[in-house]
Amino acid sequence: FTDNLMVYLKARLESEVVKKVLDLREVVEHQREIFDIALQTQGNVLLNEVPQGLMLKTHRQLLSIVLHNLTDNAVKNTKNGVITFTAKAHGNCISVYLEDTGRGLGSQGTGRYNDYFSNMDLQEKETHTGFGFLIIKDILPLIDASLTFEHTGGTKVTLTICSPEPGDQEPEPE
């Protein structure tokens, strides 16, 4: 958590967020590795169904912070279930889908979070979100992203990142 917070703070202090082309499947796989023990403890499986070779131009650490928080929430709220990452390119955007078979947020919860993330003026105290969502809300504009929630029995979260440049290049070295 502290490392993520430091990356986040450093990025906020930079005048411009430097974006590089990265392999989205690789970034998601890293999240699966980080949560391996927690997944086992909860009896969960995380499936990385992001297509091979799907490239995205964004800030790796900031994207990782968002994915880490969303994965953490899915793991904590799913027992003996499945958490699945998929992704799809459309135009200059890529949508990353995280869906779990957990208890879900219900239509009221998804509506509250959708309002929170779509209204930059809405404050955390009005929606009872945690510190992680507060950070995510601040990161989204830095990586040209939006976040939506859907009740599917469990919860389906869609992170859409748009870039004026295509992401079909080779990954850039770190």
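Scroll up to find the structure.
Computed from a predicted structure; not experimentally measured.

Visitor: Tell me about the overall build of the protein, and please be specific about residues and values.
Guide: Broken down by element type, the protein carries seven helices and seven strands. When the helices and strands of the protein are placed in sequence order, the string is α-β-α-α-β-β-α-β-β-α-α-α-β-β. When each of the 174 residues of the protein is scored for burial, the buried share is 44%. Partitioning the intrachain contacts of the protein with sequence separation of at least 6 by distance along the chain shows that 70% fall at a separation of at least 24. Counting every atom, the protein has about 9,200 Å² of accessible surface; 51% of that belongs to carbon and sulfur.

Visitor: Any details on the state of the cysteines? Residues and values, ideally.
Guide: Evaluation of the coordinates by the stated rule reveals one disulfide. In this model cysteine 93 forms its disulfide with cysteine 162; the gap between the sulfur atoms is 1.9 Å. Between cysteine 93 and cysteine 162 the disulfide shows an S-S torsion of about 100 degrees. By sign, it is right-handed. Placement of cysteine 93 in strand S5 (residues 93–100) and of cysteine 162 in strand S7 (residues 155–162) is noted, with a sequence separation of 69 residues between them.

Visitor: Please give an account of the sheet that holds strand S4 (residues 82–90) that cites residues and values.
Guide: Sheet architecture is open: five strands sit in the order S2-S4-S5-S7-S6, paired in mixed fashion. The strands lining the two open edges of the sheet, one partner per strand, are strand S2 (45–48) and strand S6 (145–151). This sheet shows a mean twist of 15 degrees between the axes of neighbouring strands, independent of strand direction. As defined by bridge partners, S4 adjoins S5 across eight bridges and the pair is classed as antiparallel. If you follow isoleucine 83 over to S5, its bridge partner there is aspartate 100.

Visitor: Which residues make up the packing of helix H5 (residues 106–118) against helix H7 (residues 131–139), and what are the values?
Guide: Here H5 crosses H7 at 40 degrees, and the two axes come no closer than 10 Å. Taken together, the axis directions place H5 and H7 in an arrangement best described as oblique. Seen from H5, the contacting residues are Tyr113, Tyr116 and Phe117; seen from H7, they are Phe133, Leu134, Ile136 and Lys137. Tallied by class, residues from the contact of H5 with H7 come to six nonpolar, no polar and one charged.

Calculation rules
Residue positions are given per chain, counting from 1 as you read along its sequence in written order. Local features in this predicted model are restricted to residues whose pLDDT is 70 or higher, and side-chain atom pairs enter the listing and the counts only when it is 80 or higher, whereas totals over whole chains, interfaces and linings include all residues. Only hydrogens and water are removed before side-chain values are computed, so all heavy atoms of the structure are retained for them. Only DSSP runs of H or I with at least four residues qualify as helices, and only runs of E with at least two residues qualify as strands; both kinds are numbered from the N terminus onward. Between buried and exposed lies partly exposed: a residue is buried under 20% and exposed over 50% of the maximum accessible area for its type, with that area taken using a 1.4 Å probe on protein chains only. Contact definition: two residues touch when any of their heavy atoms are within 4.5 Å. Using a 1.4 Å probe, accessible areas were evaluated by the Shrake-Rupley method; residue-level cover was limited to the displayed protein chains. For the purposes of this analysis, a disulfide is any pair of cysteine sulfur atoms at a distance within 2.5 Å. Pairing between two strands requires that DSSP report at least two bridges joining them. Lines are fitted to the C-alpha atoms to define the axes, a helix being fitted only along its stretch in contact, and any angle between axes, read from their N-to-C directions, falls within 0 to 180 degrees. Oblique is the label for any angle not covered by the other classes, which are roughly parallel (under 35 degrees), roughly antiparallel (over 145) and roughly perpendicular (65 to 115). Charged means Asp, Glu, Lys or Arg here, nonpolar means Ala, Val, Leu, Ile, Met, Phe, Trp, Tyr, Cys or Pro, and polar covers whatever is left, Gly included.

Functional significance is not addressed by these values, which are geometric in nature.
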